[in-house]
Amino acid sequence: MTDAKTPWGGRFTGTPGEFQQRFGASLGTDARLYAEDIAGSIAHARMLASQGVITGEDAALIEAGLLGIQRDIEAGAFAFDLADEDIHMAVESELTRRIGDAGKRLHTGRSRNDQVATDMRLHAKREALRLLGSNARLRSTLVRLAEEHEGVVMPGYTHLQKAQPVLLGHHLLAYTWMLTRDARRLRFAYEAADVLPLGSAALAGTTFPLDRGAVATELGFSAVSANSLDAVSDRDFAADLVYACTLGMVHLSRLAEELVLWSTEEFGFITMDDAWSTGSSIMPQKKNPDFAELVRGKTGRLVGDLTGLLVTLKSLPLAYNKDLQEDKEPVFDAIDTLADSLRAMEGMLSTMHVNEARMAAGALGGFMAATDLADYLAAHGVPFREAHEVVGKLVLACERDGRRLQDLTHAELEAASPVFGADALAAIDIASVVSRRTTEGGTAPVRVAEQLAQASAALAADERWIAEHLGE
Ligand code: ARG
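Residues numbered from 1 in each chain as written. Predicted model: local features only at pLDDT ≥ 70, side-chain atom pairs only at ≥ 80, totals over all residues. Heavy atoms only, no water.

Student: Before we go on, may I ask you to explain the site of the ligand in this structure?
Tutor: Around the ligand, the neighbouring residues are Ser26, Asp86, His88, Arg112, Asn113, Val116, Tyr320, Gln325 and Lys328. Within the side chain of Asn113, one N or O atom sits 2.9 Å away from a nitrogen atom of the ligand. Take Tyr320: an N or O atom from its side chain is 2.4 Å from an oxygen atom of the ligand. At 3 residues, helix α7 (residues 112-148) tops the list of elements feeding residues into the shell around the ligand. Its residues assigned to classes, the shell around the ligand comprises 2 nonpolar, 4 polar and 3 charged. (Near = heavy atom within 4 Å. Polar contact = N/O pair within 3.5 Å; in protein donor to acceptor, adjacent residues only side chain to side chain. Helix = DSSP H or I, 4+ residues; strand = E, 2+ residues; numbered from the N terminus. Nonpolar A, V, L, I, M, F, W, Y, C, P; charged D, E, K, R; others polar.)

In structure tokens form, the structure reads like this:
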């Protein structure tokens, strides 16, 4: 590391030691913002020139110099100097090395405070779009699975105890709706970031005649911030994005947990593809769902990212405070962890084998037609609470004898309640138990088909939104 390079040398006679330099730096983390930083600087320089603040020649030198730096960074040919505190200093000092005095004019009417806020907003917008793309791919995998296994009945659970049979498609679509809401939150986070802070300078605005609207248009922002103090210290958009990521990850952790359970011998509902499984170094028979477990486990990181960011923001006085430099790690970690987890879930789901017969067999056990037997009595005039009691006794008797409700004879039903007619047994056939749940949002095949169309339409709408905003 060379001696600390600071842009405030005039005021100082001493320089920070190596520890202070390392403690104060963020370059290791925020180098990721290089493209946004360069785009923001080019827009600023062009605007300064068109406002007559710097010359056109200087702006052209700045632009060419910055694009050269970008090319070098992307080619892996840029040697970052850790003596530069952050990406803004690294780019600007290299620019000045390359083009001389013109480089020193770039920072006119600008502060790193409005610069970093601009970079982070550009980045949040870009990453929200990327996450929306991954979210859409996972949703389309879930929709395809629901279609492919149309008609497969499986046990539905409450308290992880068998409750009532449902269609596998219905179960998978439940996750599609969670992910549909996640997309709505990601779109909101995109819009929250879509306001330009540049032009706020350090905190109070600047004496130079900036055209903020022109910069906003060039960088693709829909609006300019209304208050310079707020603009340099507002990280709500970052918290919105991290919250959207965190709840999205919580949803993935629920699905991951089910994949873990379903791939056990006890459930046996799915067989994970070898490419998405691991073995054991000691137990030769093992096939472990590590990737699903990691998605479940990494959810803790996101909850930590969100909590850490909110605590960093808490009690900050206006305006910019260096605490805000700590926003980057949680934001980047939340984005990257969710992006990888969405990809892993898609990989697991699109390659796993669904053991339809195991699911169907599971749907026969657990007395899952008991509600239907009670409903039968209630529909024939018996008060539901009494019907519940009659059927409860039948379940108890069956359990004692190791029989299923479907094994009962009509005579046995009649003995329990004279209201049971000859058609009562047909009502507890598992296929009919499913197909008669026709309330809106219910598990009957007609309703699930309707839901599939709704989920596909919501997906198509989000895909259109993503395409429109990618094109901006
Ligand atoms: N690296 C800083 C950050 O991420 C940039 C802004 C520094 N501003 C300042 N006044 N020290 O927040």
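Student: I keep staring at the side chain of Gln70 and nothing clicks. Help me out?
Tutor: Within the fold, Gln70 resides in helix α4 (residues 56-74). Looking at Gln70, the relative accessible area reads 18%, which means it is buried. Those residues in contact with Gln70 that sit more than four places away from it in its chain are Tyr34, Ala35 and Ile38. (Buried < 20%, exposed > 50% of the residue type's maximum accessible area, 1.4 Å probe, protein only. Contact = heavy atoms within 4.5 Å.)

Student: I would appreciate a short explanation of a nonpolar patch on the surface in the present structure.
Tutor: On the surface, Leu203, Leu229 and Leu318 cluster together to form a nonpolar patch covering roughly 270 Å² of accessible area. Note that Leu203 resides in the loop between β3 (195-196) and α9 (212-219). On the basis of relative accessibility, which here comes to 40%, the residue Leu203 falls in the partly exposed class. (Patch = residues over 30% accessible without salt bridge, like charges linked within 9 Å, V, L, I, M, F, W, Y side chains within 5 Å. Areas by Shrake-Rupley, 256 points an atom, 1.4 Å probe, with all protein chains shown as cover. Salt bridge = Lys/Arg side-chain N within 4 Å of Asp/Glu carboxyl O.)

Student: Sorry if this is basic, but what is going on with empty space enclosed by the protein here?
Tutor: If you roll a probe as big as a water molecule over the atoms, it shows you where there is empty space left. Counting across every chain of the model gives 1 cavity of 30 Å³ or more. In this model, the largest cavity occupies a volume close to 50 Å³. As for the largest cavity, its lining consists of Asn135, Leu179, Asp182, Leu186, Ala244, Gly248, Leu252, Leu338 and Leu342. (1 Å grid on protein atoms, 1.4 Å probe; cavity = no way out; pocket = protein on both sides within 12 Å on 5 of 7 lines; lining within 4 Å. Points joined across faces, edges and corners; volume = space filled by probe spheres on them.)

Student: Please clarify how unusual backbone geometry should be interpreted in this entry.
Tutor: Negative phi values dominate among residues other than glycine, just as trans dominates among peptide bonds. For the peptide bond that leads from Leu318 to Ala319, omega is 0°, which places it in the cis range. Relative to the helices and strands, Ala319 resides in the loop between α12 (290-313) and α13 (328-351). Located in the positive-phi region is Leu160, a residue other than glycine, with phi close to 60°. Secondary-structure assignment places Leu160 in the loop between β1 (153-158) and β2 (161-167).

Student: What is the right way to look at the pairing of β1 in this model?
Tutor: Residues in a regular strand project their side chains so that they alternate between the two faces of the sheet. Where β1 meets β2, 6 bridges bridge the pair, whose relative direction is antiparallel. Each bridged residue has a counterpart across the sheet, and for Pro155 the counterpart in β2 is Pro165. Two successive antiparallel strands, β1 and β2, enclose a turn made up of 2 residues, where His159 displays a positive phi of approximately 55°. (Pairing = 2+ DSSP bridges.)

Student: How should helix α20 (residues 445-470) be read in this particular structure?
Tutor: Helical geometry: 3.6 residues make up each α-helical turn, so side chains three or four residues apart lie on a common side. Taking 1.5 Å per residue as the helical rise, α20 with its 26 residues ought to reach 38 Å, and the 37 Å between its terminal C-alpha atoms agrees with that figure. Turning to α20, its buried residues number three or more, namely Val448, Gln451, Leu452, Ala455, Leu459, Asp462, Trp465, Ile466 and His469. The inward-facing, buried residues of α20 abut α7, β2 and α8 (168-193). (Expected span 1.5 Å × (residues − 1).)

Student: Explain the nonpolar core here, please?
Tutor: Within soluble globular proteins, side chains that are nonpolar tend to cluster in buried spots. If you look at the biggest cluster of nonpolar residues, it comprises 97 residues, and the most contacted ones within it are Leu252, Leu259 and Met345. Here this core takes 14 residues from helix α11 (residues 236-262), the largest share from any one element. When residues no more than four places from it in sequence are discounted, the contact partners of Met345 are Leu138, Leu252, Leu255, Ala256, Leu259 and Val295. In this structure, Leu394, Val395, Cys398 and Leu413 belong to the second largest nonpolar core, which totals 21 residues. (Core = buried A, V, L, I, M, F, W, Y, C linked by side-chain atoms within 4.5 Å.)

Student: I keep staring at the packing of aromatic side chains and nothing clicks. Help me out?
Tutor: In this description, a pair of aromatic rings is defined by centroid distance and the angle of the planes. A complete count under the given rule lists 8 aromatic pairs for this structure. Between Tyr376 and Phe420 the ring centres are 5.7 Å apart and the planes differ by 25°, which places this aromatic pair in the stacked class. Of this pair, Tyr376 sits in helix α15 (residues 370-379) while Phe420 sits in the loop between α17 (410-416) and α18 (424-427), placing them 44 residues apart in sequence. Judged by relative accessible area, Tyr376 falls into the buried class, the value being 8%. Pairwise contacts between aromatic rings join Tyr157, Trp262, Phe267 and Phe269 into one cluster. The ring centre of Phe332 lies 4.4 Å from the NZ or CZ of Arg32, which sits over that ring. The side chain of Lys125 reaches across the aromatic face of Phe221, ending 4.8 Å from its centre. (Phe/Tyr/Trp six-rings, centres within 6.5 Å; stacked < 30°, edge-to-face > 60°. Lys NZ or Arg CZ within 6 Å of the ring centre and 35° of its normal.)

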